[in-house]
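Okay, here's what each chain looks like letter by letter:
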Amino acid sequence: MTTIPHMIIFGPPGAGKSTQAKRLVERWPPMTLSTGQMLREEVAKQSPLGKQVGAVIARGELIDDPLMADVIRTWLTALPPDKGFLLDGFPRTVEQAALFDEILADLKRPLNAVIKLSLSVSEAVYRLGGRRLCYGVGNEEIIHINDEPAVMRCLERNGLLVQRPDDLPNVIVHRLGLYAAETDGLLALYAERGLTHSVHAAGSTEEVAQRIDAALRASMEAAG
Ligand code: AMP
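Basis of the calculations
Residues numbered from 1 in each chain as written. Predicted model: local features only at pLDDT ≥ 70, side-chain atom pairs only at ≥ 80, totals over all residues. Heavy atoms only, no water. Core = buried A, V, L, I, M, F, W, Y, C linked by side-chain atoms within 4.5 Å. Buried < 20%, exposed > 50% of the residue type's maximum accessible area, 1.4 Å probe, protein only. Helix = DSSP H or I, 4+ residues; strand = E, 2+ residues; numbered from the N terminus. Contact = heavy atoms within 4.5 Å. Disulfide = S-S within 2.5 Å. Pairing = 2+ DSSP bridges. Axes fitted to C-alpha atoms, helices over the stretch in contact; angles between N-to-C directions. Near = heavy atom within 4 Å. Polar contact = N/O pair within 3.5 Å; in protein donor to acceptor, adjacent residues only side chain to side chain. Areas by Shrake-Rupley, 256 points an atom, 1.4 Å probe, with all protein chains shown as cover. Nonpolar A, V, L, I, M, F, W, Y, C, P; charged D, E, K, R; others polar.

Novice: Please give an account of the nonpolar core that cites residues and values.
Specialist: Ranked by size, the top nonpolar core spans 30 residues in total, and within it Phe-100, Leu-111 and Tyr-190 carry the most contacts. By residue number, the principal contributor to this core is helix 4 (residues 65-77), which donates 6 residues. Excluding residues that lie within four positions of it along the chain, Tyr-190 makes contacts with Ile-8, Phe-10, Pro-91, Ala-97, Phe-100, Leu-111, Val-114, Leu-195 and Thr-196. Val-25, Leu-117, Leu-128 and Ala-215 belong to the second largest nonpolar core, which has 23 residues in total.

Novice: Tell me about the state of the cysteines, and name the residues and values.
Specialist: If you walk through the whole model with that rule in mind, you get 1 disulfide. Each disulfide pairs two cysteine sulfurs, and for Cys-134 the partner residue is Cys-154, the sulfurs being separated by 2.2 Å. Residues Cys-134 and Cys-154 are joined by a disulfide whose S-S torsion is about 95°; by sign, that bridge is right-handed. With a gap of 20 residues between them, Cys-134 in strand 5 (residues 131-135) and Cys-154 in helix 7 (residues 148-156) connect regions that are remote in the sequence. With relative accessibility at 1%, the residue Cys-134 sits in the buried group.

Novice: I'd love a proper account of the sheet that holds strand 7 (residues 160-162), names of residues and values included.
Specialist: The strands that make up a sheet are held in pairs by hydrogen bonds between backbone atoms, and each pair lies either parallel or antiparallel. Sheet architecture is open: 3 strands sit in the order 6-5-7, paired in antiparallel fashion. For this open sheet the edge positions go to strand 6 (141-144) and strand 7, each flanked by a neighbour on one side alone. The mean inter-strand angle of the sheet, taken between neighbouring strand axes irrespective of direction, is 40°. Pairing between strand 5 and strand 7: 3 bridges, direction antiparallel. Each bridged residue has a counterpart across the sheet, and for Cys-134 the counterpart in strand 7 is Leu-161. Contacting strand 5, strand 6 and strand 7, helix 7 runs over the sheet at an angle of about 135° to strand 6.

Novice: Can you lay out the site of the ligand for me, pointing to particular residues and giving the numbers?
Specialist: In the vicinity of the ligand, 13 residues are found, and the nearest of them are Thr-35, Arg-40, Glu-61, Gly-89 and Gln-96. Between the ligand and Ile-63 there is a distance of 3.0 Å, counted from a nitrogen atom to a backbone nitrogen or oxygen. Between the ligand and Gln-96 there is a distance of 2.8 Å, counted from a nitrogen atom to a side-chain nitrogen or oxygen. For the ligand, whose free accessible area comes to 480 Å², the fraction covered by protein is 82%. Among the elements that make up the shell around the ligand, the one with the highest residue count is helix 2 (residues 35-45) (4 residues). For the shell around the ligand, the residue count by class is 6 nonpolar, 4 polar and 3 charged.

Novice: Residues and numbers for the sheet that holds strand 2 (residues 31-34), please.
Specialist: Taken in spatial order, the 5 strands make up an open sheet running 2-3-1-4-8, and their pairing is parallel. Strands at the two margins of the open sheet, each flanked by one partner only, are strand 2 and strand 8 (196-200). Each neighbouring strand pair of the sheet contributes to a mean axis angle of 20°, computed without reference to strand direction. Bridge analysis of strand 4 (residues 113-118) against strand 8 gives 5 bridges, and the strand direction is parallel. By the bridge assignment for strand 8, Ile-115 is matched with His-197. On top of the sheet, helix 8 (residues 169-192) reaches strand 1 (6-10), strand 4 and strand 8; it is set at about 145° to strand 1, its chief contact.

Okay, here's the thing in structure tokens:
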């Protein structure tokens, strides 16, 4: 890997992708961009882009590929040359990946790593299916139903343990299917280029972070 990180992170629901993306940015300091987050901010600001994409996001549909590519091109063009990037949420289609290749070639920023977090279906169901929100006690806290001290802390404060409707096991399996349908082609494309680091996402946040660091360090050493 060159000294300036140009990376993408992929991960199924429950893999802790956003958490790991945040940690990576602290450890390796590239700039980070979560496209979902960024688009939501544009909608909140009611910027021209926000007005254009608000209704599409509200319908749960994807922004069309050329517009999304324009958004990324604008963001990357403004990125100082000594800053790298970690993209979370882009590319999302094979078409976006092709447009992204053109953008990176134009800006002379070769992609040097794709981090692929992986989690078995049973691990995802355990993690997401056990996730509860401790509700009604001020600071809402996300806990796991098997974390007995956290459950007791919540109940003793008269909190409610609430499960998100999309964290029910059948919905989790459906979400995992959607993720696979969306990313299989993309991941195959990057795997063929030898850029992909597959990292098992079970275990603690710290354990997963260490696996990612080890994979990235190995690839930097290999690149000299
Ligand atoms: P997310 O937070 O990743 O679920 O993204 C929220 C919404 O933003 C999606 O439902 C899409 O409408 C839009 N979005 C985010 N990333 C992309 C992308 N790469 N291509 C198209 N639409 C996107």
